[in-house]
Amino acid sequence: MSSNVFLDQLDAHTLRDRLENEKLALIIPVGSLEQHGPHLPLGTDAMLSTKVAAGVAEKLGALVAPAFAYGYKSQQKSGGGNHLVGTTSLSAATVIAQTKDLVTSYLKQGFQQIIFLNGHYENYQFLYEGMDLALESFNKEQLGDRYTLLLSYWDYVGEETLAQVYPNGFPGWDIEHGGVLETALMLHLSPHSVDMSRAPGGPAAVLPKFDRLPVVAARTPQSGCLSAPDGATAEKGKLLYDDAVSAIAADLALELADAAVAV
Ligand code: ZN
Ligand code: MN
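This section reports on the structure supplied with the text.

Each value, and the rule that gives it
Residues numbered from 1 in each chain as written. Chains lettered and ligands numbered in written order. Predicted model: local features only at pLDDT ≥ 70, side-chain atom pairs only at ≥ 80, totals over all residues. Heavy atoms only, no water. Donors = N, O, S within 2.8 Å, 3.2 Å for Na, K, Ca; no water. Helix = DSSP H or I, 4+ residues; strand = E, 2+ residues; numbered from the N terminus. Buried < 20%, exposed > 50% of the residue type's maximum accessible area, 1.4 Å probe, protein only. Phe/Tyr/Trp six-rings, centres within 6.5 Å; stacked < 30°, edge-to-face > 60°. Pairing = 2+ DSSP bridges.

Further remarks concern the coordination of the manganese ion (ligand 2). Ligation of the manganese ion (ligand 2) by protein atoms is provided by Glu34 (OE), Asp45 (OD) and His120 (ND1), these donors lying 2.0 to 2.3 Å from the ion. Motif for the manganese ion (ligand 2), donor spacing along one chain: E-x10-D-x74-H. A separation of 3.3 Å is found between the manganese ion (ligand 2) and the zinc ion (ligand 1), which are bridged by Asp45. Here Glu34 is found in the loop between strand E1 (25-30) and helix H2 (44-60), whereas its partner His120 is found in the loop between strand E3 (113-118) and helix H5 (124-135), with 86 residues between them in sequence. Comparing Glu34 with His120 shows no difference in burial state: the two are buried.

Moving on, we get to the packing of aromatic side chains. Under the defined criterion, the tally for this structure stands at 6 aromatic pairs. Taking 6.1 Å as the distance between ring centres and 75° as the angle between the ring planes, the aromatic pair formed by Phe68 and Phe116 counts as edge-to-face. Placement of the pair is Phe68 in the loop between strand E2 (63-64) and helix H3 (76-79) and Phe116 in strand E3, with a sequence separation of 48 residues. As far as burial versus exposure is concerned, Phe68 and Phe116 are alike and both buried. Ring geometry for Phe170 and Trp173: centres 4.5 Å apart, planes at 70°, overall edge-to-face.

Here we take up the coordination of the zinc ion (ligand 1). Each protein donor to the zinc ion (ligand 1) is listed here as His36 (NE2), Asp45 (OD) and Glu182 (OE); together their distances run 1.8 to 2.1 Å. By relative accessible area, which is 0% here, His36 ends up buried. Residue classification places Glu182 among the buried residues on the basis of a relative accessible area of 7%.

Moving on to the pairing of E3. Residues in a regular strand point their side chains to alternate faces of the sheet. A large share of E3 lies buried, amounting to 6 of its 6 residues. Here E3 shows a buried face lined by Gln113, Ile115 and Leu117 and a second buried face lined by Ile114, Phe116 and Asn118. As judged from the 6 bridges shared by E1 and E3, these two strands associate in the parallel manner. Pairing of Leu26 across the sheet is with Ile114, part of E3. Sheet topology places E3 next to strand E4 (residues 147-152); 6 bridges connect them, and they run parallel. Residue pairing for E4: Gln113 is matched across the bridge by Tyr147.

In short, geometric facts, not functional conclusions.
Printed below as a string of structure tokens:
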């Protein structure tokens, strides 16, 4: 993975020239600072969304902005809960404001598309709101044919890959926090950040259909993971990564008019 897709590595004059000569798309990875059990780092969501974004950007000739390092509050049913140590979150208003400010600034600088690649479940609707509010500050003429997109990377993992990664049946994305998906991807993309000797076992969390506040802390497994990373390997991580990157790049290539795709 080359580093030349990263916006923060470019000098301003090179960026200015590229914006003048190309219809340039910008991918913004979105993560969180959130406990992911004893075996994965707090920055897992931002690390993974950045790696997926880099893979997609290389295929599309796009750039990757610095990731959102913090996200919206972790919810018990998708991230273990916002009460856990290490989990450090933003309010919805802050996520919306940050999203709106960045879309506005990047569109004003001349990017053609701003693409949010989400890696933290709870962010989604607030990114959507920030995107929508940002567009309100442009009239039709200023905006032209430019637009903004939002996706979560796990939605692009295909059935065939799921069957290989979860031979005993796919449990659902909602309890995947700190489980097989994120652990396998981290083993593939950042193996030195994972300590499998500390990986938790045990059954998946059983959580109610409702959300209760304050949360009943005991409903989150002691490990902080909503399911165990049983069977997570770097090979499965590569399968998940390659599948998601190819599928996202193919989907976006259809959407982006002048994308130079080498899928
Ligand atoms: Zn995560
Ligand atoms: Mn998360």
